[in-house]
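# Structural characterization, general
So the chains spell out like this:
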Amino acid sequence: MTPAAPPAPRRDGLAGLDLLASAVLLVDAGGAITFANAACENLLESSLRALQRQQLHTLFLNAEELIKLCEQALAHKYADLRQDLTLERSGREPLHVHSIVSEAGEWGIVIELRENVQQLKLDREERILDQSQVNKELVRNLAHEIKNPLGGIRGAAQLLELELPARHLTHLREYTQVIIKEADRLQTLVDRLLAPHRRPHIVGDVNIHEVLERVRSLMLAEFPAGLSIRRDYDASIPEFRGDKEQLIQTVLNIAHNAAQALSEQIVAGDAQLVFKTRVARQVTLAKVRYGLALDLHIIDNGPGIPPQIRDRIFYPLVSGREGGSGLGLTLAQTFVQQHMGVIECESRPGFTDFRILLPLP
């Protein structure tokens, strides 16, 4: 067996760059890559030895802008040049980075790349919003298509029941009742699917802490033992215009899902929910920039959301528990979007955090 090639040696004086969190590339005047720190290897998903065999223009499909910055740095036009770039790579996701390019004497050109988290967040929110719109249209159309024949099926079963001969009524009525009850169950499901589109949007002044206290009282009435709900409020948050009932339903759906996931902890007596409010500043929501936003967190210490559904929890009819309808979080997302906000989720065993951002005046 051929032994694996040893890792490329770090050049004297450059090993300290491995301690930096941002990616650093060194490029000579001809555009050849001479060094990359550990963060750069991680960002570009390539080893130092592989990178040292490449030129800057081969590293990215659209490297022209980055090469232009390097040429300007070599010409000593600026001390350093900073620019947000989207660097495209063959067969991989593009990189959204903030680049800093400067001339470094004998080391050539230093290129520092910092992943643009804000751009990634905006792209993710845009995808979620587009997917949500598609889902809502699909669900609404599907619900209407199901609703129309349901009435006919139920009515036919009722008429059939009336026509049953008396001697067989007791025995055969069991089957007609199954049809009627299942039709009613489907009708209830369809009504819940259509509920967000039917419910009027009643706007008024909303105090978010009144909303949270209402949900807290409802949850403690349903789970009087084994569940504690801790408040962590920012009292300075102003009132805003919104639909109070929709926001109560939103928080209640999330909190109720959390309580159901906490069933074992509730039995053990150590289940906990946290309602946390803060003010976020300079936030972009649905491509609109707001100076202030409500930053609401609903946190539980449950087992976490199963990894296989973590990216689909806001999709209709996706549920992490047996017997769940999979509509609670879909409804919550719809109501949050009607308030021009976004809802996000971070989950791992022992910690699940639903974060709601809503614009403030």
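Overview of the structure. All values derive from a computational prediction rather than experimental measurement.

### What about the overall build of the chain?
If you tally the helices and strands in the chain, you get 10 helices and 12 strands. Burial analysis of the chain (361 residues in total) assigns 41% to the buried set. Looking at the chain alone, contacts between residues at least 24 apart form 62% of all its contacts between residues at least 6 apart. When the accessible surface of the chain is totalled, it reaches about 20000 Å², and 53% of it is carbon and sulfur.

### Describing the sheet that holds strand β3 (residues 81-89)
One open sheet holds the five strands; their spatial order is β2-β1-β5-β4-β3, and the pairing between them is antiparallel. Strands with a single pairing partner mark the edges of an open sheet, and in this sheet they are β2 (33-36) and β3. Averaged over neighbouring strand pairs, the angle between their axes works out to 30° when direction is ignored. Relative to strand β4 (residues 92-103), β3 is paired through eight bridges, and the arrangement is antiparallel. Note on β4: the bridge partner recorded for Asp84 is His98.

### Considerations on helix α10 (residues 328-338)
Across the 11 residues that make up α10, a large majority, 10, are buried. A positive backbone phi angle near 65° is found at Met340, which sits one or two residues after α10.

### A look at the sheet that holds strand β11 (residues 342-348)
Sheet architecture is open: five strands sit in the order β7-β9-β10-β12-β11, paired in mixed fashion. Each edge of the open sheet is held by one strand with a lone partner, namely β7 (227-232) and β11. Direction aside, the axes of adjacent strands within the sheet are offset by 20° on average. Of the strand pairs in this sheet, strand β9 (residues 271-285) and strand β10 (residues 288-300) are connected by 12 bridges, and their pairing is antiparallel. Bridging across to β10, Thr284 finds its partner in Arg289.

### Some thoughts on the pairing of β11
As paired strands, β11 and strand β12 (residues 351-359) are joined by seven bridges and run antiparallel to one another. Bridge pairing in β12 places Ser347 opposite Thr352. Taking the residues between adjacent antiparallel strands as the criterion, β11 and β12 are bridged by two residues, where Gly350 takes a positive phi near 90°.

### Section: unusual backbone geometry
Of note in this structure, Glu45 is not a glycine but carries a positive phi near 55°. Secondary-structure assignment places Glu45 in the loop between α1 (38-44) and α2 (48-51). Phi is positive for Met340, close to 65°, though the residue is something other than glycine. Relative to the helices and strands, Met340 is located in the loop between α10 and β11.

### Comments concerning the environment of Gln265
With respect to the helices and strands, the residue Gln265 is situated in helix α9 (residues 263-268). Taking C-alpha positions, Gln265 is 8.0 Å from Leu227, a pair spaced 38 residues apart along the chain. Not counting chain neighbours up to four residues away, the residues in contact with Gln265 comprise Gly226, Asp270, Ala271, Asn301, Gly302 and Pro303.

### Focus on the nonpolar core
Within the largest apolar cluster, 39 residues are counted, with the highest numbers of intra-cluster contacts made by Met219 and Leu227. Among the secondary structure elements, those contributing two or more residues to this core are α7 (208-222), β7, α8 (244-261), β9, β10, α10 and β12. Counting residues per element, this core draws most heavily on α8, at eight residues.

Criteria and thresholds
Residues numbered from 1 in each chain as written. Predicted model: local features only at pLDDT ≥ 70, side-chain atom pairs only at ≥ 80, totals over all residues. Heavy atoms only, no water. Helix = DSSP H or I, 4+ residues; strand = E, 2+ residues; numbered from the N terminus. Buried < 20%, exposed > 50% of the residue type's maximum accessible area, 1.4 Å probe, protein only. Contact = heavy atoms within 4.5 Å. Areas by Shrake-Rupley, 256 points an atom, 1.4 Å probe, with all protein chains shown as cover. Pairing = 2+ DSSP bridges. Axes fitted to C-alpha atoms, helices over the stretch in contact; angles between N-to-C directions. Core = buried A, V, L, I, M, F, W, Y, C linked by side-chain atoms within 4.5 Å.

Everything listed here is a matter of coordinates, which is why it stays silent on function.
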